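This is what each chain is made of:
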Amino acid sequence: METKKETAAQRVERLKREKNAWDCIDEIRGFAKSGFDSIPPEWLGTYFRSWGVYTQGDGVGVLGGSGGQGKAVPYFMVRIRIPNGFLTSLQTRTLAGLVEKHARGVADITVRQNIQLHWVTIEALPEIFDALWRVGLTTVGACGDVTRNVVGCPVAGVDHDEICDASPLVDEASRLFVGNSEFANLPRKFKISITGCKVWCSYPEINDIGLSAIRRKRVRGEEVGFSIRVGGGLSTDPHFARRLNAFVQWNQVLPVLNGVATIFRDSDVLRENRERARLKFLFLRHGWTEEQFLRELEDRIGFNLDSAEEEDAPLDVLRDHIGAHRQKQHGLFYVGASVLRGRLSSQQLAAAANIAEQFGSGEVRTTAMQNLLIVNVPEASVGAVADRLTLAGLPIQASAFERGTIACTGTEFCKLAITETKSFARWLTEELNERLPGFNDQLKLHITGCPNSCGQHWIADIGIEGKKLKVDGRMVDAYYFCVGGGVGKFQSFARPVGFRCDAREVPDAIERLLTQFQQFREPGENLRKFLQRHSVEDIRLWLAGENIPPVQRDLPSARVPHGVEG
């Protein structure tokens, strides 16, 4: 009798059942002694990811390989968990040293507040792990089919307008999931956002669980708890998280997180196909409703949650905390620096650590928009901090284009990318600064190198998705445009407009679109509203500069990865 060939999903599920990679640090140390060639395929393709380690591409991206993945080189991407984006100066300085020694002097801040290294060799991994552990950091669970870095407001505890400081809950959630064998084998990645800030800067709308602080009136005064959303996510099937009819009290947060995670873990139907293995597919594919999810959750946790309170979602605001802002603590400020495309040098990390120690409380914080903050700066030192950060190439005053640009890893390191993104992002912002020097409206310009949306182009004012075009007989980088995305009160996914162009023509297209916006906007109208007011035909005409037929947004032909985006 012929044996059925194991599917990709079945193979990954079998490997995860056979071994909990978190128990196998000795194997990793053994690989480090024996060299890259000693690493078996199951470690390269599956087990390393639970350790925040992912094989690095050869710079060509997906088109250089086969089966939906590009060729790997004997180097690794290493992602470091930064819960809530909180770092001490000692931790930041340790990262700077590791980046300088093992990552060719370059690191990236990801859209989940992590720090990501590249060019790491297998021989260096144990030293990196040990150095991180000594200062209270880890890579455990930063990739793979596990709970990813728990994100939160980077100015928690100091924000003048916050509803509450939810960072202790982020720490408790991290302790609950990181390294916990009960959650070492989830169907796929599992993302949590817990925020006490009013602008929802950690994006509860696009997480598997999004907890956002809310107040309710009680007989003895106000009580702070949380709204809960579940099932958010982007990739090729974007889905905003569904708000449940529940008010989660502070002491109920951990049981609720545990309950949602067990629903996900135990959903065998989500393990059948890796492209449809996220929590959101219970809603998208399997007919679940918010009411059904809440009933299942309450059964898991063993108690009923109070009904939800009326919620006022934030308006269109940049959630980056850039600039100098007064804290709730008298006489103190936090200072947010713009990190273009999230790319940092080891010298910049070291400079941030030094500035935080000299002028602040020795704390550095990362944001979901790939920026850096220094907190607890006396008012008299704000100017000096701004000057030092700017001197280090981390300005606190940035153009609309520099401030609003997000970029994924791209073909430089990612085996699944189609286009190069990081250098392109720098060039694009320079071009737009020169062409539109007076533009100062809020703009979210997101660049993603493939359809998997690691650059979150679905929630951008202008989101561009990497493609390829044949020009003069050779394949060149190109981008497909989606516009009008947003989160908060007017959440909506960016609309594909049927326009694609050579990457070199992207500045021309954006210049034409923004010129139309500047000339024909209504009083008080922002870019999102302007774009929503016009048809895709109008927008395509402006982008192209002429009437052209729409082109289809081609989707990926291969399986969705399970460890790339940060």
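Novice: Would you mind going over the packing of aromatic side chains in detail, with residue names and values included?
Specialist: In this structure the tally under the stated criterion is 25 aromatic pairs. Here W119 and F413 contribute two aromatic rings whose centre-to-centre distance is 5.8 Å and whose plane-to-plane angle is 85°, an arrangement assigned as edge-to-face. Of this pair, W119 sits in strand β5 (residues 115–120) while F413 sits in the loop between β15 (405–407) and α13 (422–435), and the two are 294 residues apart along the sequence. Assessed through its relative accessible area of 26%, W119 is described here as partly exposed.

Novice: So what about helix α2 (residues 25–34)? Which residues, and what values?
Specialist: Of all the residues in α2, the buried ones are I25, I28, F31 and A32. What you see down the axis of α2 is that its buried residues fit within an arc of 115°, all on one side. Turned more than 90 degrees away from the buried face of α2, the exposed residues are D26, K33 and S34. Here the buried face of α2 lies against α3 (41–45) and α5 (125–134).

Novice: I'd like to hear about the pairing of strand β13 (residues 363–366), residue by residue, with values.
Specialist: As defined by bridge partners, strand β3 (residues 86–88) adjoins β13 across three bridges and the pair is classed as antiparallel. Opposite T88, over in β13, you have E363 as the bridge partner. Inspection of the sheet shows β13 paired to strand β14 (residues 372–378) by three bridges, in the antiparallel sense. Note on β14: the bridge partner recorded for V364 is I374. The turn joining β13 and β14, which pair antiparallel and follow one another in sequence, is formed by five residues; a positive phi near 65° is taken by Q370.

Novice: Give me the lowdown on unusual backbone geometry, citing residues and values where you can.
Specialist: At N84, a residue that is not glycine, the phi angle is positive and equals roughly 65°. Structurally, N84 is set in the loop between β2 (72–80) and β3. A relative accessible area of 1% means that N84 is categorised as buried. Non-glycine residue Q370 carries a positive phi angle of around 65°.

Novice: Requested: an account of the packing of helix α6 (residues 167–177) against helix α7 (residues 253–265), with residues and values cited.
Specialist: Helix-helix packing is described using two parameters, namely the angle between the two axes and the distance between the axes. For the pair α6 and α7, interaxial distance at closest approach is 10 Å and the crossing angle is 40°. Accordingly, the angle class assigned to the pair α6 and α7 is oblique. Every pair of crossing elements has a handedness; the one defined by α6 and α7 is right-handed. Every residue of α7 that contacts α6 at L169, E172, A173, L176 and F177 is listed here: V253, L254, L257, N258 and A261.

Novice: Account for the packing of helix α4 (residues 89–102) against helix α10 (residues 346–359), naming residues and giving values.
Specialist: Contact pair α4 / α10: the axes reach a minimum separation of 8 Å and the direction vectors enclose 165°. On the basis of their axis angle, the class for α4 and α10 is roughly antiparallel. Judged by the sense of rotation from one axis to the other, the crossing of α4 with α10 is left-handed. Residue-level contacts link S89, T92, R93, L95, A96, V99 and E100 of α4 to S346, Q347, L349, A350, A353, N354 and E357 of α10. Across the contact of α4 with α10, the residue classes break down as six nonpolar, five polar and three charged.

Novice: An account of the sheet that holds strand β8 (residues 221–230) is requested, with residue identities and associated values reported.
Specialist: With mixed pairing, the four strands of this open sheet are ordered in space as β6-β7-β8-β9. At either margin of the open sheet sits one strand with a lone partner, and together these are β6 (192–195) and β9 (242–249). Each neighbouring strand pair of the sheet contributes to a mean axis angle of 30°, computed without reference to strand direction. Examined bridge by bridge, strand β7 (residues 209–218) and β8 share 10 bridges and lie antiparallel to one another. Opposite A213, over in β8, you have F226 as the bridge partner.

Cut-offs and rules
Every residue gets a number counted from 1 within its own chain, in the order that chain's sequence is written. Under the rules for a predicted model, residues below a pLDDT of 70 receive no local features and side-chain atom pairs below 80 are neither given nor counted, while totals for whole chains, interfaces and linings still include all residues. Hydrogens are left out, water is left out, and the side-chain values use all remaining heavy atoms of the structure. Pairing of aromatic rings covers Phe, Tyr and the six-membered ring of Trp, with a centre-to-centre limit of 6.5 Å; geometry is then stacked below 30 degrees between planes, edge-to-face above 60, and tilted otherwise. Numbering of helices and strands runs from the N terminus, with a helix taken as a DSSP run of H or I at least four residues long and a strand as a DSSP run of E at least two residues long. When accessible area is computed with a 1.4 Å probe and restricted to protein chains, residues below 20% of their type maximum are described as buried, those above 50% as exposed, and intermediate ones as partly exposed. Along the arc lie the directions from the helix axis toward the C-beta atoms. Should any heavy atoms of two residues lie within 4.5 Å, those residues are considered in contact. A pair of strands counts as paired when DSSP detects no fewer than two bridges linking them. Working convention: axes come from line fits to C-alpha atoms, limited for helices to the stretch in contact. Angles between N-to-C directions cover 0 to 180 degrees. An angle counts as roughly parallel when it lies under 35 degrees, as roughly antiparallel when it exceeds 145, as roughly perpendicular when it falls between 65 and 115, and as oblique in every other case. What makes a crossing left-handed is the near helix being turned counterclockwise from the far one by less than a right angle; a clockwise turn instead makes it right-handed. Three residue categories are used. Nonpolar comprises Ala, Val, Leu, Ile, Met, Phe, Trp, Tyr, Cys and Pro, charged comprises Asp, Glu, Lys and Arg, and polar comprises the others, including Gly.

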